[in-house]
Amino acid sequence: MTDSIRPQIVSGAKPETGHYEEFLVHPARFLYRAWQERGELAEFDLGGMRNVLVVGPDAHEAVYRASDEQLSTSAPYQYMVPVFGEGIQYGAPLEIERQQVKFLSNALRPVNMKRYAQVIAEEVEDFIADWGDAGERDFHETFKEMVLGTSTHCLMGGAFRRKLTTEFGELFHDLEEAISVSAVLDAHSEDGAFSRRDNARARLQEMLMEAVAERRCEGGEHIDMLQTFLDARYADGTGMADELIPGMIIWIMFAGFHTSSNTASWMSVELGRHPEYQREVAEEVAEVYGNSSDLSFTALREMPLMEAFANETLRLHPPLCALMREVMEPFEYKGYVFEPGTTLVISPYVSHRVPEVFPEPECFDLHRPEPEHIFASIPFGGGKRKCVGNAFAILQVKAIFSALLSRYELSLVDPPETYEEVMPSLILRPSDPCRLRYTRRER
Ligand code: HEM
């Protein structure tokens, strides 16, 4: 980037570390400050790494339409390689990685989604069966547990799910802890979180290889993601090596687990904050679900208010706040030329708060019109690397909240402003405790 056409640098950079310390405390808040101070393009420095935050629909479109050769997704996400493993995703060459993403989206094709809807409905109903008439729960913990059950069941099938112990969730927790700002800079340092990550990854490999071997032995027809990976074929007709399948499972689980459980947690908080909207969504649930009493069928039907509620929640609280691309070949945008080595950062958290695109951005508005620009709302990213689990995630929250709102009214236990956005890792989530009260609805 030549000096004359560089975006302005955000204030407060320290001589050696730049903005690293401030970014570390709360990436989303730092990026928000960067945008407020510098606007559409804001340069910042993470320990010598040059980054530019790019904000707004036009900038998103330019980035999302660029080729992988020009703006690489793989280069800035190398810290994920120890999590998923060599040979998987960004630990594989681009043409292999692209085919692996196809295997993932194939696992989420419509015919499988019908089966997943049944599995999710069964899991959710079992989960809340003994909640009684009223009570108080930490809904962040609740949704973590619930989504772990639904995800492992859809991924690995009923037999694996029935054997699930708390160990599996704990191992995933250790993987998540290592997805931090320090991992972006050096994912192999001496940090204890990284050795816990490596131990957890090794143990998961063992557990999942057992399941792969069992399935190979058992044969038969199975509608789950594991089976899709076992049957997958690259363009040259070869299948995936069995040793790589645990990495695919960890990848899809990782992509969907915390994103979905945090979204459900935030939805419950926003339902508690807005009883008037809760009434509207509950009425829709009663209309759609009340007549069929089949939760899986309900989750597959259109529920415009529930979907709008999920979208508005994802606008204000997108779990992934910093999506990165590394410049590999000079990239031009509005007269600025970004040179190789620069990392471009798209932040759904910041872009969803631009008032010209989302008037009164801090206000949760269930009836907010959709922005015209297709690259304005980006909780699931955009372009050719848009989330392949979007429909699955929405199906899941529809099943969860249809089950909950048909039975219970939800209210906050603590004052609304105490449910804060925290980022102990690179994923945005509600602060602890995230307590809600549920009370049986009068029919
Ligand atoms: C509310 C829930 C979810 C949110 C907010 C979310 C968000 C995102 C975002 C922002 C990206 C793009 C990342 C980038 O451009 O750097 C992405 C990619 C991806 N997501 Fe999701 N996701 C969610 C649920 C899921 C689920 C449930 C699955 C799988 C079952 C999934 C699988 C994936 C995969 C495989 C990719 C990579 C796509 C590619 O590289 O082409 N996600 N997600």
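In case you missed it, the structure is sitting above this.
Let me sum up the structure you'll find in this document. (Residues numbered from 1 in each chain as written. Predicted model: local features only at pLDDT ≥ 70, side-chain atom pairs only at ≥ 80, totals over all residues. Heavy atoms only, no water.)

**Some points on the site of the ligand**
If you check the shell around the ligand, you find 28 residues, and the closest are Tyr77, Arg98, Arg325, Arg385 and Cys387. For the ligand, an oxygen atom lies 2.8 Å from a polar atom in the side chain of Arg325. Breaking the shell around the ligand down by element, the ones donating at least two residues are α5 (94-107), α13 (245-273), β5 (323-327) and α18 (390-407). (Near = heavy atom within 4 Å. Polar contact = N/O pair within 3.5 Å; in protein donor to acceptor, adjacent residues only side chain to side chain. Helix = DSSP H or I, 4+ residues; strand = E, 2+ residues; numbered from the N terminus.)

**Brief notes about the sheet that holds strand β4 (residues 134-138)**
Here 3 strands make up an open sheet; going across it, the order is β4-β12-β9 and the pairing antiparallel. Unpaired on one side and paired on the other, β4 and β9 (408-412) mark the two borders of the sheet. Recorded for the sheet is a direction-independent mean angle of 25° between the axes of neighbouring strands. Summarising the sheet, β9 and strand β12 (residues 435-440) pair through 5 bridges and their orientation is antiparallel. (Pairing = 2+ DSSP bridges. Axes fitted to C-alpha atoms, helices over the stretch in contact; angles between N-to-C directions.)

**Brief notes about the coordination of the iron atom of the ligand**
Looking at the iron atom of the ligand, one finds just one donor atom contributed by the protein, Cys387 (SG), at 2.3 Å. In this fold, Cys387 is placed in the loop between α17 (348-351) and α18. (Donors = N, O, S within 2.8 Å, 3.2 Å for Na, K, Ca; no water.)

**Section: unusual backbone geometry**
Here the bond from Asp432 into Pro433 is cis, since omega is -10°, no more than 30 degrees from zero. As for its placement among the helices and strands, Pro433 is situated in the loop between β11 (429-430) and β12. In this model, Gln89 sits at a positive phi of 45°, which is unusual for a non-glycine residue. Residue position: Gln89 is located in the loop between α4 (81-84) and α5. On the basis of relative accessibility, which here comes to 8%, the residue Gln89 falls in the buried class. Unlike most non-glycine residues, Lys334 shows phi in positive territory, near 45°. Position of Lys334 among the secondary structure elements: in the loop between β6 (331-333) and β7 (336-338). (Buried < 20%, exposed > 50% of the residue type's maximum accessible area, 1.4 Å probe, protein only.)

**A word on the sheet that holds strand β8 (residues 343-346)**
Within the open sheet, the 5 strands sit side by side as β1-β2-β8-β5-β3. Their pairing is mixed. Lying at the two open borders of the sheet, with one neighbouring strand each, are β1 (41-46) and β3 (71-72). In this sheet, β5 lies alongside β3 in antiparallel orientation, the contact comprising 2 bridges. Across the sheet, Ser72 pairs through a bridge with Glu326, a residue of β5. Strand contacts of helix α2 (residues 27-38): β1, β2 (49-54) and β8, with the helix running at about 135° to β1, the strand carrying the most contacts. Together, β2, β3, β5 and β8 form the strand contacts of helix α3 (residues 57-65), whose direction differs from that of β8 by roughly 125°. (Contact = heavy atoms within 4.5 Å.)

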